[in-house]
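Chains, contacts and geometry: an overview
Spelled out from the first residue to the last, the chains are:
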Amino acid sequence: MIFGLTAASAAGSAQSADLEIDFQNEADTLAIPSDDLLAELLQFQEVEPVLRTAIILSDIYSKKDMEFTRGFLLGIKEAQLPDNSLSLKVINGEVSQDSLHYELDQIDPHVIFTTSEKGIGEGLLTYALEHNCLLINCFDVKAEEYMGNPFVYQVLSPSSIFNGKVSRTLVDLVGDANLIIIGEPEPTDQILRDMLARLSSEKVITVPATMVKDLAILPGETYFIYVASPKGPDVKKAIAETTTLQLQNPSSQIKLLGRPNWVAFNDFNTLTGTFEAYVPTRAYFDPSSPKEKQFIRSYHELYGRSPIRSYPVYAAMGYDVAQYFVPLFVIEQRSDNEMLPRGNMLQVYFNLVPSDSAHGLSNNGSYLLHLQPWGAIEKITVD
């Protein structure tokens, strides 16, 4: 594949550059780009950059890491940073701890981005502490390393924060209306457990999916339906039963409350049919919106392909992270543990805040998607 890029020469003038990068066999391609590509894309010159960065990839052959890296590079390309702003090294994170530390020592980074979904690793946490280096966790939502380590930033809202903020938001949404739970609540569904602790038990009904259409509901009342099962077939069956219930009770208003995993369903946009629905999520990429369409066009122009479908969209994660953090560190020179400005990016809402001086920053931002009967999706930010 040919990359047609505009790069800065040593004299600082713009020139065209064609770089040969082999992405023909995706399965055999590393996510680590060539030094030549990085030099051209980052407008490299032989002077000390303002910001030294590294991306540590958890699996260099995975589509996640390849897409993330491409999106990150596109984000840097479109950030329009001053010359000599940034150096970037992309590192295979599957090597030994000694080898990883050696690679990092070669550049002495100010900021490290990691793509691991299964913990950051004690060695990397220690490295960040010893070198006063920011460590940005881009994917893992179960990790809590930001607690007790002031150099760790958590991009996707950690489970404890996400569940609590979503449950409070949904309780406010339901208000004095009735809540119908379809199916037996799962013990691991912390959002529903928190909601039930706050809602009046007199307003909550739990029924099997087969009995939904037989419910006796009051005319003129508002009801929210919560499907306990996270499985796609169970969700679709429950929605079909709810459709029958609505047809039998046209004067009552019925809305759906979805679980976070609904966003990963292939038919998410049409899943709820004629119902209003509210679905919480840490990230959402809407390919029909103008910003997302432009991202897809730019990605295709640079790489000759469209981003792969995933949840979250891996390429958009790389793009969002680059677009949000790098200008802050390069232009505003932010590198200490302080509250950062909010940023509503392509698919992530950034609201990074410290809990105390001993902790890093966690993202308190997420979305409540409002699916409307005519097909539009409103992204409501949750702080």
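The coordinates are above.
The present account deals with the structure reproduced in this document. (Residues numbered from 1 in each chain as written. Predicted model: local features only at pLDDT ≥ 70, side-chain atom pairs only at ≥ 80, totals over all residues. Heavy atoms only, no water.)

The secondary structure content of the protein amounts to 9 helices and 18 strands. Taken across its 383 residues, the protein has 55% of its residues classed as buried. A fraction of 65% describes how many contacts in the protein between residues 6 or more apart in sequence connect residues 24 or more apart. Surface exposure of the protein reaches about 17100 Å², of which carbon and sulfur atoms provide 50%. (Helix = DSSP H or I, 4+ residues; strand = E, 2+ residues; numbered from the N terminus. Buried < 20%, exposed > 50% of the residue type's maximum accessible area, 1.4 Å probe, protein only. Contact = heavy atoms within 4.5 Å. Areas by Shrake-Rupley, 256 points an atom, 1.4 Å probe, with all protein chains shown as cover.)

Take the pattern of salt bridges next. Overall, the coordinates contain 10 salt bridges when judged by the stated rule. The partner of lysine 64 in a salt bridge is aspartate 65, with the nearest N and O atoms 2.6 Å apart. Each member of the pair, lysine 64 as well as aspartate 65, is classed as buried. Linking aspartate 383 and arginine 342 is a salt bridge whose minimum nitrogen-to-oxygen distance equals 3.3 Å. Here arginine 342 lies in the loop between helix H9 (314-330) and strand S13 (343-344) and aspartate 383 lies in the segment after strand S18 (377-382), a separation of 41 residues in the sequence. For aspartate 383, a relative accessible area of 39% gives the class partly exposed. In the salt-bridge network here, residues are joined through shared partners; they are Glu186, Asp189 and Arg259. (Salt bridge = Lys/Arg side-chain N within 4 Å of Asp/Glu carboxyl O.)

Moving on, we get to the packing of aromatic side chains. The full count for this structure, using the stated rule, is 16 aromatic pairs. A ring pair is formed by phenylalanine 72 and phenylalanine 113, whose centres lie 5.1 Å apart and whose planes are at 65°; its orientation type is edge-to-face. Note that phenylalanine 72 is positioned in helix H2 (residues 63-78) and phenylalanine 113 in strand S5 (residues 111-114), a separation of 41 residues in sequence. Between the aromatic rings of phenylalanine 295 and tyrosine 299, the centroid separation amounts to 6.0 Å while the plane-to-plane angle is 50°, which identifies the pairing as tilted. Highlighted residues: phenylalanine 295 and tyrosine 299, both in helix H8 (residues 290-303), separated by 4 residues, approximately one helical turn. Chaining the aromatic ring pairs together yields one cluster made of Phe68, Phe72, Phe113, Phe139, Tyr153, Tyr314, Tyr324, Phe325, Phe329 and Phe350. A cation sits over an aromatic face here: lysine 64 above phenylalanine 139, 5.1 Å from the ring centre. In this arrangement the basic side chain of arginine 70 is found over the ring face of tyrosine 303, its NZ or CZ atom lying 6.0 Å from the centre. (Phe/Tyr/Trp six-rings, centres within 6.5 Å; stacked < 30°, edge-to-face > 60°. Lys NZ or Arg CZ within 6 Å of the ring centre and 35° of its normal.)

Where H2 meets H9, the axes come as close as 6 Å, and the angle between the chain directions of the two elements is 40°. When the axes of H2 and H9 are compared, the crossing they make is right-handed. The segment H2 lies against H9, with Lys63, Lys64, Glu67, Phe68, Gly71, Phe72, Leu74, Gly75, Ile76 and Glu78 engaging Tyr314, Ala315, Met317, Gly318, Tyr319, Val321, Ala322, Gln323 and Val326. (Axes fitted to C-alpha atoms, helices over the stretch in contact; angles between N-to-C directions. Left-handed = near helix turned anticlockwise from the far one by under 90°.)

Looking now at the side chain of asparagine 163. Turning to its location among the elements, asparagine 163 is positioned in helix H5 (residues 159-174). Apart from residues lying up to four places away in sequence, asparagine 163 is in contact with Gln190, Ile191 and Asp194.

Take the environment of aspartate 172 next. By the secondary structure assignment, aspartate 172 is in helix H5. Aspartate 172 sits in the exposed class, given a relative accessible area of 64%. Separated by 27 residues in the primary sequence, aspartate 172 and leucine 199 place their C-alpha atoms 9.6 Å from one another.

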